[in-house]
Structure formats: C-alpha cells, structure tokens
Amino acid sequence: MEPKDHRPLSFASAAVWTLVALFLDLFFISLTEAGREGAFFDLVSRTTCEALAYSIVFFGILRLHEPNTSIRHVLALRRPSVLAVILALAVGAALSFPSEWLDQALDARFPRPPEEAETLDRILSITTVGKRVTLIVTLVFLQPAFDELFFRGALFTPLRRRHRTEMVVVATAAFETLGSLTPRAMISLLAASLLFAWMRGATGSIFPSIFARMAYFGVAVVPMALGREPPKPTLVLVAASSAVAVLGLLGMSLLSRRSTRLAAARLEAGE
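Residues numbered from 1 in each chain as written. Predicted model: local features only at pLDDT ≥ 70, side-chain atom pairs only at ≥ 80, totals over all residues. Heavy atoms only, no water.

With respect to the confidence of the model for the protein chain
Move 1: Averaged over the protein chain, the pLDDT score is 90; the fraction of residues at 70 or greater is 94%.
Move 2: Mean pLDDT across the secondary structure elements of the protein chain bottoms out at helix α11 (residues 260–269), with 69, and peaks at helix α2 (residues 43–65), with 97. (pLDDT = per-residue confidence, 0-100. Helix = DSSP H or I, 4+ residues; strand = E, 2+ residues; numbered from the N terminus.)

The following block contains the structure:
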C-alpha cells in the first residue's frame, strides 16, 4: 500500500539523481585511480565504484522519497513466474544480435575515436584465468544487476506512484542513456533499455529485466572470456533472433495479462 506521507519523485528529480550517481561513479573511480594507478581499467574497481555510487543515491532516494517503504518493495524484489524468467532470458539473448549488428553499422559510419577504442581494449583485455572469471562476473552478472536495481527499482517504483507505466518505462530508459559518452552508444543502449523497462512494468518484478540484461551481455562476453569469437551478427541470424525476441515479448505480454502471480506482483507494487 502506498504510504500517505511519501514525497513524490518527479521526472526532473529522477534525472538529477541519475546525474548525481554518474558524478559519484566518476569521482570514486578517479579517487581510486589516484590511489592505485591502472584502477580506471580494472573491472573490479569500476564495478565497486558503480555499486557504491548507486548505493549512496539509493539511500538518498529512500530517505527523501520513500521513508516508510521497504527496500524490497522499492527494488521490486518480487518472485516472478518461472515462465516469465525463461522468456526474459530468451528475449535478452536474442536482442544481443540485432544490437551488435546496429553497433557495427554505427561503428562503420561513426568510428570510435582512437582513445575510446584503446580504453575499451585495455578494459576487456584477457591475460589470465582470473581475468576471464572477472570479465564474466562483472560484465554479465554484477553490473547488469546493479543497473537494473537502480533504474528499474530505485527510480522506477517511486516514479510509478505518480505516472503511467508507459511514461516511466520511457523515462527510466532515457535516464540510463545519460551515462553514454557518445551518441552511437546511446542509440545502441536505448532500444534494449526500453525493453528491459517494459519487462519490469509488465511483470511488477525486477527479476525478469535483470535476467534479460544478463543474457543480453552474456552472449557477447562469455565467448570473449573463453577466448572464442562471439557469433557474427549476419543478416540471417539478426532476422531469426529478432523474430525470437518479438515472439518472446508477445509471450510475456500475454503472460502478464493471464498469470495470477504476475497480476499479484503488480498489485503489490501498486501498478
């Protein structure tokens, strides 16, 4: 039930909180780099700084906007149906191929600056078994979970108290792209973020969007960590994966209307 004395979170306030989180993330990684050279290119350091920045902002949101609401409720930690999770995993994995195709098309049209390419290569470089494990744990599990808990939990739930689900879906996806450093990165991220946010709204739970995001990044990262080439996004593969994604989303939409568990989750969320 919605607390009577909560302080509404507006879209403008949510944008400010997002910028604060981005600033804190950059501040912490800069501080870490100053204390230990090379931390900027270390995935463990970057993931830790991101988690710390999100945690501080989440605490602020709880204190100012949701003082009487449980953390579980704000983060939408509700058990979804098993079928919803399976569909989310399928959609997330399928989305990675058209997203990679789009990224390659944009890269051919708008090549990355040499500095950006060098930074990415250093972050993703694999020299030891520990680095392989770190790559999977941080990029496939931890960072996707942190991003979803912040945008589809800490921001989504308070925003949904005042606004329609469709508006909140678009807004949280847009806020997430604020962290993109280039327009080409924003384009690649926005489409996937919209679908992750839609899953959160359709199911009333954070878990489908988390699993979808993990699968989305896992398709490219896991082969890379194992020293193999990720699947090439050929036109046939892109068309087939797009069809799988569409069917998965249609299935999730149908399930959200008929599943009593998902209906109960949305009712608990006040959605």
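Topic: the side chain of Glu-148
Move 1: Structurally, the position occupied by Glu-148 is in helix α6 (residues 129–160).
Move 2: Residues contacting Glu-148, with those up to four places away along its chain left out, are Gly-153, Phe-196, Ile-206, Ser-209, Ile-210 and Arg-213. (Contact = heavy atoms within 4.5 Å.)

Some remarks on the packing of α2 against α6
Move 1: Following both chains from N to C, one finds α2 and α6 inclined at 15°, their axes separated by 10 Å at the closest point. It follows that α2 is roughly parallel to α6 by the angle criterion. In the packing of α2 onto α6, the handedness of the crossing is left-handed. (Axes fitted to C-alpha atoms, helices over the stretch in contact; angles between N-to-C directions. Parallel < 35°, antiparallel > 145°, perpendicular 65-115°, else oblique. Left-handed = near helix turned anticlockwise from the far one by under 90°.)

What about the packing of aromatic side chains?
Move 1: Taken as a whole, this structure holds eight aromatic pairs when the rule is applied.
Move 2: Residues Phe-40 and Phe-41 carry aromatic rings whose centres are separated by 5.3 Å and whose planes lie at 90° to one another, so their mutual orientation is edge-to-face.
Move 3: According to the relative accessible area criterion, Phe-40 is partly exposed, its value standing at 32%.
Move 4: Judged by its relative accessible area of 19%, Phe-41 is buried.
Move 5: The interplanar angle of 10° and the centroid separation of 4.5 Å between the aromatic rings of Tyr-54 and Phe-150 together place this pair among those described as stacked. With a gap of 96 residues between them, Tyr-54 in helix α2 and Phe-150 in helix α6 connect regions that are remote in the sequence.
Move 6: Of the residues examined, Phe-150 reaches a relative accessible area of 3% and is grouped as buried.
Move 7: Each residue in the set Phe-23, Phe-27 and Phe-28 is aromatic and connected to the rest through ring pairs, giving one cluster. (Phe/Tyr/Trp six-rings, centres within 6.5 Å; stacked < 30°, edge-to-face > 60°. Buried < 20%, exposed > 50% of the residue type's maximum accessible area, 1.4 Å probe, protein only.)

What about the pattern of salt bridges?
Move 1: Within the structure shown, the criterion is met by nine salt bridges.
Move 2: Where Asp-42 meets Arg-36, a salt bridge forms, and the shortest distance between an N and an O atom there is 3.5 Å.
Move 3: Residues Lys-232 and Glu-229 are paired through a salt bridge, measuring 3.8 Å at the closest nitrogen-oxygen approach. Across the pair, exposure class does not vary: Lys-232 and Glu-229 are exposed alike.
Move 4: The structure contains a network of salt bridges with shared partners spanning Asp-147, Glu-148, Arg-152, Glu-176 and Arg-213. (Salt bridge = Lys/Arg side-chain N within 4 Å of Asp/Glu carboxyl O.)

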